[in-house]
Amino acid sequence: MTADLKPIRNEADYDAALEEVGRLWGAKSGTPDGDKLDVLATLIDAYEAKHHPIDPPDPVEAIRFRMEQQGLTRKDLEPMIGPRNRVADVLNRKRGLSIDMIRQLHDGLGISAEVLIRPSRMDKVA
């Protein structure tokens, strides 16, 4: 491995590491370039986790995203959330998710329970 690998301490280091990853992209695993790519990816991941964290999605947005991915309708959510009016209330952020709904959505749609237990952004009432 080359000696030019170093910790990513600032945005300039981060940008240089991303540029190097672009150059090394596709290198075979187990080769010097492949090893360097693996180490750089780990360094970049650590830097991003600390300096560019991504908040988990809003529960309602996660449900809507999964519905779109899987081509589901509101009716498809009824076994997990309850009657049609309850599904509408949840998707319109008028009702929070109960523990039972969270379990059903986690099992039925594969959405992380950690995402589903977060408070939903309530729409501002004018």
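For the structure given in this document, a descriptive report is provided here. What you are looking at is a predicted structure, and each value in this text was computed from that prediction instead of being measured. (Residues numbered from 1 in each chain as written. Predicted model: local features only at pLDDT ≥ 70, side-chain atom pairs only at ≥ 80, totals over all residues. Heavy atoms only, no water.)

Glancing now at helix H2 (residues 32-51). Here H2 is 20 residues long and its end C-alpha atoms lie 28 Å apart, about the 28 Å a rise of 1.5 Å per residue gives. Within the sequence span of H2, burial applies to Gly-34, Lys-36, Leu-37, Leu-40, Ile-44 and Tyr-47. Down the axis of H2, the buried set is contained in an arc of 150°. They therefore lie on one face. Exposed side of H2, more than 90 degrees from the buried face: Thr-42, Asp-45, Ala-49 and Lys-50 are the residues found there. As for H2, its buried residues are in contact with helix H1 (11-24). (Helix = DSSP H or I, 4+ residues; strand = E, 2+ residues; numbered from the N terminus. Expected span 1.5 Å × (residues − 1). Buried < 20%, exposed > 50% of the residue type's maximum accessible area, 1.4 Å probe, protein only. Arc of directions from axis to C-beta. Contact = heavy atoms within 4.5 Å.)

Another aspect to go through is the layout of surface pockets. Of the volumes computed, that of the largest pocket is approximately 180 Å³. Residue lining of the largest pocket: Asp-4, Leu-5, Lys-6, Pro-7, Ile-8, Asp-13, Ala-16, Ala-17, Glu-20, Lys-36 and Leu-40, and that is the complete set. Elements that contribute at least two residues to the lining of the largest pocket include exactly H1 and H2. Take the lining of the largest pocket: its biggest share by element is four residues, from H1. Here the lining of the largest pocket is composed, by residue class, of six nonpolar, no polar and five charged. Roughly 150 Å³ of internal volume is contained in the second largest pocket. Around the second largest pocket, the lining comprises 14 residues; the ones closest to its centre are Gly-96, Leu-97, Arg-118, Pro-119 and Ser-120. (1 Å grid on protein atoms, 1.4 Å probe; cavity = no way out; pocket = protein on both sides within 12 Å on 5 of 7 lines; lining within 4 Å. Points joined across faces, edges and corners; volume = space filled by probe spheres on them. Nonpolar A, V, L, I, M, F, W, Y, C, P; charged D, E, K, R; others polar.)

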